[in-house]
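This is what each chain is made of:
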Amino acid sequence: NPWWANADRLQSRAAMKSDPGSTEESFPIFVTALAAALSPNPERPGLYVDLPFASIDGQLRPSEPGYSAWKSRMPLYLAGQYQDNLRRLSGIGMDVGAEDEYAHIAAGARAWSRQLASLGIAHSFEVYAEGTHTSMIRKRIETRLLPFFGSRMTDDGQ
């Protein structure tokens, strides 16, 4: 995602937009928040995080130690380790909009679905037509999400 370069240029919380008006402005904030959870670094003043990618000679490249920290915590890379627990779930479902502005979300969801399938873990995956990252949220909750959860609830509420 080319917006990683914007995140890489961000030097402090003060430089973040308090009311981002676009996906491009939101991405660095989201990435920094996720980095605070996945790769905090109290020794790195400014944002106190290690990002997984850096702009090097005009190209985005994996950047250590952030890249390894993120990879070690992402579901895609943990599925094999936790496959027995995943099989015990009542259901795994995911969907993405065909027009999602965040291309990495759709790519990651497809990869996660392939990983689950390769492990023989039952799940559903759907790409919904004409959907963007934020469009059709209410419709998807009402017609897909709530029925999905409702069909998997047991009598004891679990």
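Throughout what follows, the structure given in this document is the object of discussion. Keep in mind that what you see is a predicted model, and the values were worked out from it rather than measured. (Residues numbered from 1 in each chain as written. Predicted model: local features only at pLDDT ≥ 70, side-chain atom pairs only at ≥ 80, totals over all residues. Heavy atoms only, no water.)

Observations concerning helix 6 (residues 103-118)
Working note: α-helix, 3.6 residues per turn, so residues spaced by three or four point in the same direction. The end-to-end C-alpha distance of helix 6 is 23 Å, a good match for the 22 Å that 16 residues give at a rise of 1.5 Å each. Taken together, the buried residues of helix 6 touch helix 4 (75-78), helix 5 (83-88), strand 3 (93-97) and strand 4 (124-128). Count one or two residues on from helix 6 and you reach Gly-120, which has phi positive near 70 degrees. (Helix = DSSP H or I, 4+ residues; strand = E, 2+ residues; numbered from the N terminus. Expected span 1.5 Å × (residues − 1). Contact = heavy atoms within 4.5 Å.)

Let's talk about the pattern of salt bridges
Summed over all chains, the structure comprises 7 salt bridges. Here Arg-44 and Asp-50 are joined by a salt bridge, their closest N and O atoms 3.1 Å apart. Look at Arg-44 and you get partly exposed, because its relative accessible area is 45%. Glu-126 is paired through a salt bridge with Arg-144; the nearest N and O atoms lie 2.7 Å apart. Of this pair, Glu-126 sits in strand 4 while Arg-144 sits in helix 7 (residues 137-152), and the two are 18 residues apart along the sequence. The network of salt bridges with common partners includes Asp-95, Glu-126, Arg-140 and Arg-144. (Salt bridge = Lys/Arg side-chain N within 4 Å of Asp/Glu carboxyl O. Buried < 20%, exposed > 50% of the residue type's maximum accessible area, 1.4 Å probe, protein only.)

None of the figures reported here should be taken as evidence of function without further support.
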